[in-house]
Amino acid sequence: MTEAQAQFLALLRRKDYEGARAYAEGFPEGERERLLKGLDLLEKDPEALEDPLFAAEREVVLGVKAVREGRREEAEGRFQKALALDPLHHRALTNLGTLYLERGELEAALDLYQKALKLYPDDPLLHENLAALYKRKGDLDKMVAHMKRATRLKMAPSGPLDPLTGERKRPFRFPLWALFLLLALLAYLFLHKP
């Protein structure tokens, strides 16, 4: 697997299909068509997707569909298969952890959530799930901390994608202290004109 394909997979793991689509545009024509076709199938007909590059994401998508339709055993199998195909798939870990949380297996869920957190600490849904878990465990301090983190992540403006890493660029923010310094300097210069 090339580094560019690895970056593409990182976008899939985050379910940033729009970003993956934009990133695919930088690939040579044949590979670009393959990636765009895979993305289309993920969104429209994941059962028909046979490309091995998309295998783990396909299992996660089908697992989520199974959860929505009440087929939790099938969903668990799909999330486990996704992890066998791609142990770095944080959404597979998160979704499997949520199934365990629903069954009351709090320690197993916590273990999966912590693994997912190491892979992608900026997932607001993961922090919401951790908050729910800590609420059930009675640890209100950790519950509140994760809810605050989830809220901050949801409210943070998202910047454009970095074409090399696939990461979201944060917009530049002028530091407040620098603004005060600049205003003080301007005031000094204005008041001390020769």
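For the structure itself, look to the data block above.
Worth saying up front: this structure is predicted, and the values here are computed from it rather than measured. (Residues numbered from 1 in each chain as written. Predicted model: local features only at pLDDT ≥ 70, side-chain atom pairs only at ≥ 80, totals over all residues. Heavy atoms only, no water.)

Here helix 5 (residues 72-85) is 14 residues long and its end C-alpha atoms lie 20 Å apart, about the 20 Å a rise of 1.5 Å per residue gives. Every buried residue of helix 5 is listed here: A75, E76, F79, A82 and L83. Buried residues in helix 5, looked at end-on, bunch into an arc of 125 degrees, giving them a common side. For helix 5, the exposed residues lying more than 90 degrees away from the buried face are E73 and A84. Those residues of helix 5 that are buried lie in contact with helix 4 (55-68) and helix 6 (90-102). (Helix = DSSP H or I, 4+ residues; strand = E, 2+ residues; numbered from the N terminus. Expected span 1.5 Å × (residues − 1). Buried < 20%, exposed > 50% of the residue type's maximum accessible area, 1.4 Å probe, protein only. Arc of directions from axis to C-beta. Contact = heavy atoms within 4.5 Å.)

Checked against the element boundaries, E57 lands in helix 4. According to the relative accessible area criterion, E57 is buried, its value standing at 2%. Within the structure, E57 has its side chain in polar contact with the side chain of R91 (distance 2.9 Å). With residues near it in sequence (within four places) discarded, E57 still touches L12, R13, K15, Y17, L42, H89 and R91. (Polar contact = N/O pair within 3.5 Å; in protein donor to acceptor, adjacent residues only side chain to side chain.)

So, on to the packing of aromatic side chains. Counting across every chain of the model gives 3 aromatic pairs. Pairing F8 with F27 gives two aromatic rings, centres 6.5 Å apart and planes at 80 degrees, and the pair type is edge-to-face. With F8 in helix 1 (residues 3-13) and F27 in the loop between helix 2 (17-24) and helix 3 (29-44), this pair connects stretches of sequence that are 19 residues apart. Note on F27: relative accessible area 11%, which makes it buried. The interplanar angle of 80 degrees and the centroid separation of 5.8 Å between the aromatic rings of F8 and F54 together place this pair among those described as edge-to-face. In this pair, F8 sits in helix 1 while F54 sits in the loop between helix 3 and helix 4, placing the two residues 46 residues apart along the sequence. Of the two residues, F8 and F54, neither departs from the other in class, the shared state being buried. Within the aromatic cluster, the residues linked to one another by ring pairs are F8, Y23, F27 and F54. (Phe/Tyr/Trp six-rings, centres within 6.5 Å; stacked < 30°, edge-to-face > 60°.)

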